[in-house]
Every structure is written in C-alpha cells, then in structure tokens.
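# Summary of the model geometry
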Amino acid sequence: KELERLYFFHGEEVFLLHHYLGQIKKQLLDPLTESFNFHRLNNETFDIQTFADAVENLPMMAEFTMVEVDDIDLFKMNEADRNKMTEILSDIPEYCCVVFTYITQPWKPDKRLKKLWDAVENHGKIVEFAKQNQRDLIAWVTRHFAAHKKRISTDLCAYLIEITGGTMTALSGEIEKICSY
C-alpha cells in the first residue's frame with residue numbers, strides 16, 4: 001500500500017500494466033477530484049514544461065496528484081530537456097506520483113546518459129510486466145471462468161492460451177466472448 005513517487009511500467013503483458021496502473025489511480029485519486037489531480041501526457045501533449053507544471057501542481061481538495069506519461073522516450077530528448085528531466089525526477093514532491101508507461105514504444109534506457117539514468121534508477125521503480133507462464137495463465141483463466149459461473153478443463157485452458165498467443169489481454173477478450181455465448 002506504500003506507493004513510490006516514480007514508476008516506469010513496461011513489458012509485454014499490457015493487461016497487467018493497465019491493471020496496476022488502475023490500482024494506483026484508485027488508491028491515490030478520488031473520483032470527484034480526479035479531473036483536477038490526474039494529468040495524462042503523451043506524444044501529442046508532452047513537453048518538458050507541461051510535465052514540470054503537472055508534477056509541481058498542488059493537489060486540489062485531495063492528498064495526492066498523479067501524472068501518467070505514455071510512451072515518451074526520456075533518453076532521446078535533447079540535452080537541455082534531459083537535464084531538466086533529471087532535476088524533476090530527482091525531486092518529485094511527496095504529494096505526487098509519476099508513472100511512465102511504455103506500451104507502443106519499447107523501454108530502452110540508455111545507461112550511457114549517466115545523470116538521467118541515475119535519476120531513473122535511484123528515484124524510480126522499474127516494473128516489467130512479462131508474459132505469464134502457462135501454469136499461471138491456466139489458473140488465471142480458470143478463475144475468470146469461475147467468476148462467470150463457468151468451468152473449463154485444464155486441456156481447454158492450454159488450447160485457449162495457445163490459440164490466443166498467451167497474453168492476458170487477448171485471453172480476457174476471448175473469455176468474455178466464450179462466457180457470453
């Protein structure tokens with residue numbers, strides 16, 4: 001329940017990434033004040049000053065603010081922006097939680113950019129959502145079928161995992177279809 005101030009979410013299992021991102025939002029933000037305290041930036045809306053303003057923005061009628069940044073490669077910024085980013089990441093206020101997500105763009109930190117990498121490594125938590133192994137997926141699929149008051153055999157679970165590619169995102173859609181049928 002103790003959240004960090006800075007996260008970097010990446011990996012093949014987008015379902016889990018979205019799940020835990022939602023859990024952080026649920027823990028930090030009140031639905032009534034979310035529009036004031038949640039800031040989401042992406043390739044179209046991101047610039048270093050907008051990001052700095054979002055991080056420094058005091059919470060309104062709440063305890064925390066949250067900044068989500070989608071698919072921005074920090075290590076490809078120009079030097080001035082990287083230096084500013086290093087400063088920001090090194091001093092995120094206690095009332096703010098920043099989450100960088102990498103879904104359409106791979107997470108490839110350049111450790112040669114020492115100052116920025118040190119800020120990421122020392123102040124952030126890097127979380128990889130790897131593709132789950134078949135045993136865990138079978139248990140997960142079985143639980144999801146049970147939640148719909150349906151049963152599925154282990155062999156059919158393995159078959160479903162095989163034909164969907166074994167990602168939880170694909171499986172959840174197929175489980176919904178099968179249970180609805």
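Our subject is the structure listed above.
Residues numbered from 1 in each chain as written. Predicted model: local features only at pLDDT ≥ 70, side-chain atom pairs only at ≥ 80, totals over all residues. Heavy atoms only, no water.

### A few points about the overall build of the chain
Counting secondary structure elements, the chain contains eight helices and five strands. Counted from the first residue to the last, the chain has its helices and strands arranged as β-α-α-β-α-β-α-β-α-β-α-α-α. Projected onto the principal axes, the alpha-carbon positions of the chain cover approximately 55 × 40 × 30 Å. Per-residue burial for the chain yields a buried fraction of 42% across its 181 residues. Accessible surface computed for the chain: about 10,900 Å², of which carbon and sulfur atoms make up 50%. Within the chain, one finds 21 positive and 29 negative side-chain charges whose respective centroids are separated by 6 Å. (Helix = DSSP H or I, 4+ residues; strand = E, 2+ residues; numbered from the N terminus. Buried < 20%, exposed > 50% of the residue type's maximum accessible area, 1.4 Å probe, protein only. Areas by Shrake-Rupley, 256 points an atom, 1.4 Å probe, with all protein chains shown as cover. Lys, Arg positive; Asp, Glu negative; His and termini not counted. Charge placed at Lys NZ, Arg CZ, Asp CG, Glu CD.)

### Description of the packing of helix α4 (residues 79–90) against helix α5 (residues 114–123)
With their axes 9 Å apart at the nearest point, α4 and α5 run at an angle of 20° to one another. Taken as axis vectors, α4 and α5 run roughly parallel relative to one another. The chirality of how α4 crosses α5 is left-handed. Touching R82, M85, T86, L89 and S90 of α4 are K115, L116, A119, V120 and H123, all from α5. Its residues placed into classes, the contact of α4 with α5 shows five nonpolar, three polar and two charged. (Axes fitted to C-alpha atoms, helices over the stretch in contact; angles between N-to-C directions. Parallel < 35°, antiparallel > 145°, perpendicular 65-115°, else oblique. Left-handed = near helix turned anticlockwise from the far one by under 90°. Contact = heavy atoms within 4.5 Å. Nonpolar A, V, L, I, M, F, W, Y, C, P; charged D, E, K, R; others polar.)

### Focus: the nonpolar core
Residues F8, F51, L74, M85, L89, V98 and F100 are the most contacted members of the largest nonpolar core, which totals 29 residues. Within the residue set of this core, elements represented by two or more residues are β1 (6–10), α3 (48–56), β3 (65–70), α4, β4 (96–102) and α5. A total of five residues in this core trace back to one element, the largest contributor, which is α3. When residues no more than four places from it in sequence are discounted, the contact partners of V98 are R5, L6, Y7, F51, V55, V67 and I92. The next biggest cluster of nonpolar side chains, apart from the first, holds 27 residues, and it includes L21, C97, V99 and L137. (Core = buried A, V, L, I, M, F, W, Y, C linked by side-chain atoms within 4.5 Å.)

### Observations concerning the pattern of salt bridges
Applying the stated rule across the entire model yields seven salt bridges. A salt bridge links R40 to E68; its shortest N-O distance comes to 3.3 Å. Taken together, the residues R40 in strand β2 (residues 38–41) and E68 in strand β3 connect sequence positions 28 residues apart. Classification of E68 by relative accessible area gives buried; the value is 4%. Of the charged contacts, one joins D118 and K114 as a salt bridge, the two residues approaching to 3.5 Å between their closest N and O atoms. One end of the pair, D118, and the other, K114, are both in helix α5, four residues apart, so they sit about a helical turn from each other. Given the relative accessible area of 25%, D118 is considered partly exposed. Through salt bridges that share partners, R40, E68 and D70 make up one connected network. (Salt bridge = Lys/Arg side-chain N within 4 Å of Asp/Glu carboxyl O.)

### Quick word on the sheet that holds β4
Sheet architecture is open: five strands sit in the order β2-β3-β4-β1-β5, paired in parallel fashion. In the strand order of this sheet, the two ends are held by β2 and β5 (125–128), each with one partner. Geometrically, the sheet is characterised by an average inter-axis angle of 15° between neighbouring strands, direction not taken into account. Pairing analysis gives four bridges linking β2 to β3, with the strands arranged parallel. Residue pairing in the sheet places R40 in a bridge with E68 of β3. Along the sheet face, helix α1 (residues 14–28) touches β1, β2, β3 and β4 and points at about 165° away from the line of β4. (Pairing = 2+ DSSP bridges.)

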